[in-house]
Each structure stands twice: as C-alpha cells, then as structure tokens.
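Residue-level listing of the chains:
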Amino acid sequence: MRRTLGVGTALALALGMAACTTTPDSPAPTSPVVQLGAPGEPNHTLAPDEAGSIAAPEHTELDADFMLDMIHHHDQAIEMTALVEQRTDDRDIQLLAERMSASQQDERTLMVSWLQDRGVPVNDQGHDAHASGEGAMPGMLSDEQMAELEGADGDAFDQLFLVYMIQHHEGAVQMVDELYAAGGGQESATDQFARHVESDQGIEIARMQQMLAERAG
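Below is a short write-up of the structure. (Residues numbered from 1 in each chain as written. Predicted model: local features only at pLDDT ≥ 70, side-chain atom pairs only at ≥ 80, totals over all residues. Heavy atoms only, no water.)

So, the overall build of the protein chain
Stated precisely, the cut-off is as follows: We count a stretch as a helix when DSSP gives it H or I for four or more residues in a row; a strand needs E for two or more, and each element gets its number in order from the N terminus. Classification of residues uses two cut-offs on accessible area relative to the type maximum, computed with a 1.4 Å probe and protein chains only: under 20% is buried, over 50% is exposed, and between them is partly exposed. Whether two residues touch is decided by their heavy atoms; if any such pair falls within 4.5 Å, the residues are in contact.
Assigned secondary structure in the protein chain consists of 7 helices and 2 strands. Per-residue burial for the protein chain yields a buried fraction of 39% across its 217 residues. Pairs at least 24 residues apart make up 78% of the contacts formed inside the protein chain by residues separated by at least 6 positions.

Let's talk about the environment of D158
Test applied: Polar contacts, as used here, are pairs of N or O atoms within 3.5 Å; protein pairs need one atom able to donate a hydrogen and one able to accept it. Residues neighboring in sequence count only if both atoms are side-chain atoms.
Tracing the backbone through its elements, the reader meets D158 in helix 6 (residues 154-181). Note on D158: relative accessible area 4%, which makes it buried. C-alpha of D158 to C-alpha of M211: the two residues are 53 residues apart in sequence and 9.7 Å apart in space. Beyond its immediate stretch of four places on either side in the chain, D158 contacts T88, D90 and I93. Within polar-contact distance, the side chain of D158 engages the side chain of T88 at 2.7 Å.

Re the pattern of salt bridges
Two side chains of opposite charge can pair, provided their charged atoms sit close to one another. Rule in force here: The working definition used for a salt bridge is a side-chain nitrogen of Lys or Arg within 4 Å of a carboxyl oxygen of Asp or Glu.
In total, this model carries 6 salt bridges according to the counting rule given. The closest approach of N and O atoms between E187 and R118, which form a salt bridge, is 3.0 Å. Taken together, the residues span a long stretch of sequence, with E187 in the loop between helix 6 and helix 7 (188-216) and R118 in the loop between helix 4 (91-117) and helix 5 (143-151) at a distance of 69 residues. Across the pair, exposure class does not vary: E187 and R118 are buried alike. Ionic contacts of the salt-bridge type, sharing partners, join the residues D90, E214 and R215 into one network.

Describing the packing of helix 3 (residues 61-81) against helix 4
The geometry of a pair of packed helices is captured by two quantities: the angle between their axes and the separation between those axes. Defined as follows: The axes used here are C-alpha line fits, helices contributing only the stretch in contact, and every angle between their N-to-C directions lies in the interval 0 to 180 degrees. Orientation labels follow simple angle bins: below 35 degrees gives roughly parallel, above 145 gives roughly antiparallel, 65 to 115 gives roughly perpendicular, and whatever is left gives oblique. A clockwise turn of the near helix away from the far one marks a right-handed crossing, whereas an anticlockwise turn of less than a right angle marks a left-handed crossing. Residue polarity is assigned by list, with Asp, Glu, Lys and Arg as charged and Ala, Val, Leu, Ile, Met, Phe, Trp, Tyr, Cys and Pro as nonpolar; anything else, Gly included, falls into the polar class.
Remark: helix 3 packs on helix 4, axes separated minimally by 9 Å, with the N-to-C direction vectors making an angle of 155°. As summarised for this structure, helix 3 and helix 4 are arranged roughly antiparallel, according to the angle between their axes. For the pair helix 3 and helix 4, the crossing hand works out as left-handed. The residues of helix 4 that touch helix 3, namely those facing D63, A64, M67, L68, M70, I71, H74, D75, A77, I78 and T81, are A97, M100, S101, Q104, Q105, E107, R108, M111, V112, W114 and L115. Grouping the amino acids of the contact of helix 3 with helix 4 by side-chain chemistry returns 13 nonpolar, 5 polar and 4 charged.

What about the nonpolar core?
The nonpolar side chains of a soluble globular protein tend to be buried with one another. Which entries qualify depends on this criterion: In these notes, a set of buried Ala, Val, Leu, Ile, Met, Phe, Trp, Tyr and Cys residues joined through side-chain atoms within 4.5 Å is what counts as a nonpolar core.
The biggest cluster of nonpolar side chains holds 23 residues, and the ones touching the most others in it are M80, L96, L149, F157, F161, M165 and M208. Elements supplying a minimum of two residues to this core: helix 3, helix 4, helix 5, helix 6 and helix 7. Broken down by element, this core gets its largest block of residues, 8 residues, from helix 6. Non-local contacts of F161, meaning those with residues more than four positions away in its chain, are made with M80, T81, V84, I93, L96, A97 and L149.

Observations regarding the packing of aromatic side chains
Worth spelling out the cut-off: Pairing of aromatic rings covers Phe, Tyr and Trp, the last counted by its six-membered ring, and requires centre-to-centre distances within 6.5 Å; plane angles under 30 degrees mean stacked, over 60 mean edge-to-face, and any other angle means tilted.
The final tally for this structure, using the stated rule, is 1 aromatic pair. Each ring, one from F157 and one from F161, has its centre 5.8 Å from the other, and the planes form 25°; the classification is stacked. Taken together, the positions of F157 and F161, both in helix 6 and 4 residues apart, correspond to about one turn of that helix. Residue F157 shares its accessibility class with F161, and that shared class is buried.

Points about helix 5
Note the cut-off: Throughout, the arc means that of the directions going from the helix axis to the C-beta atoms.
When we look at burial in helix 5, the residues that qualify are Q145, M146 and L149. What you see down the axis of helix 5 is that its buried residues fit within an arc of 100°, all on one side. Exposed and facing more than 90 degrees away from the buried side of helix 5 are D143, E144 and G151. Residues of helix 5 that are buried make contact with helix 3 and helix 6.

Regarding the packing of helix 4 against helix 6
Between helix 4 and helix 6, the least distance of the axes is 12 Å, while the angle of their chain directions is 30°. The angle between helix 4 and helix 6 falls in the class roughly parallel. In this structure, the crossing between helix 4 and helix 6 has a hand that is left-handed. Across the interface between the two elements, I93, L96, A97, M100 and Q104 of helix 4 pack against D158, F161, L162, M165 and H169 of helix 6. Residue composition of the contact of helix 4 with helix 6, by class: 7 nonpolar, 2 polar and 1 charged.

It is worth stressing that arrangement in space is one thing and function is another; only the former is reported here.
Here's what the structure looks like:
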C-alpha cells in the first residue's frame, strides 16, 4: 500500500484548511475563478471582485454526523486488527493489520479534533445505535460476524479477516458516497478527509482482494 504522505501529515493539512477563509482584507484572486453551474447550466467565470467576496463553505450537520459515524466505524476496524497477532502467523496479514491500525487510529484522532474544533460533542450516545444491529452503518460487522472472527484461527482466520475487512472498507467508501449524495462534504476539510478515506480504503480493498485470491489459489 503506497502513500505519498504520512496519514497524520496529510490529514492534518486537510483539517487545517478549514481555517483558510477569505476575509474582507484579502487580495482578490489574480487568476480566473470558475463557478460551476447547476446541472444543465453553464459554468460562470467570476470577476476578481466577485471571487474575492466568496466565503469558504462551512461545515454542516451532515459533516458532523459523518465524522461521528466514521469514528465508530474506525473503532470496529481497530478492534478487528487487534485480533490478528494472536490468531495468525501469516506475516503479510500481520503487516496489513499493523498498517491499518496505525492509519485508522491517526484518522480517528483527527476526526475527534475536527469535532472539538467545531464544538460538536464527541461522545454522542445517539450514534452508538448505528454501530451494529438493525440500521447499522454500511460495512459494519454484526455481533455474529465478530464472534466468528474472534473464534477463528490460522488459515480460516486469514480468510475471514480479509473477507470481513473488505466488507468493512467497502462500507466506509459507501458512507463517503452517501455524504456527497446528501449534499455534505462541501467544507474544505471535510471534503479532503472524505476523499482521503475513499482513496486510501479503495487501495486497501484492491490489495486485500489480491491477497484473498492468492490464498484461494
């Protein structure tokens, strides 16, 4: 799994972008700024004074809910990776789990910071209900699936871990898609974080599918 920047560095930069808004004293942009038109309508090139007056989009309740849900989603992935060391000797699986655990914990820390910076309570008990069972978030393992994974060992564990982590990652990507479909993700920091999740987990899905195919062969 290649990364052009460390997870912490890349996401810290993304979250820091939220503070970069246009102020009345800011100089107007010197290069053309194109405002995208609504579906079926043409784009519009803004005059310098128009571009300079545009404020950066702020976060919305959709963004906050996405972050809260994604924290719980990451928590289960971290719980899954913690099972690896005692259940398999496969070094590739162990390295995969170590990298996932590190990246998911870094992302979790940044999501908590995002919420705290915007005054959103992090310990929102209302979101616990979405963690498992009826109405669970996309990709979340059921209690039965978690018990099955915990009870497996060796080759059986390796296969289950890959199958269930692919399921889990695909759910995270779906959560990103649903955020944008609902109109969220317009704030710069939220947008960059969501796109990072989509890209990073997409790469890991492809890698896990390859590993699964190799073991099936």
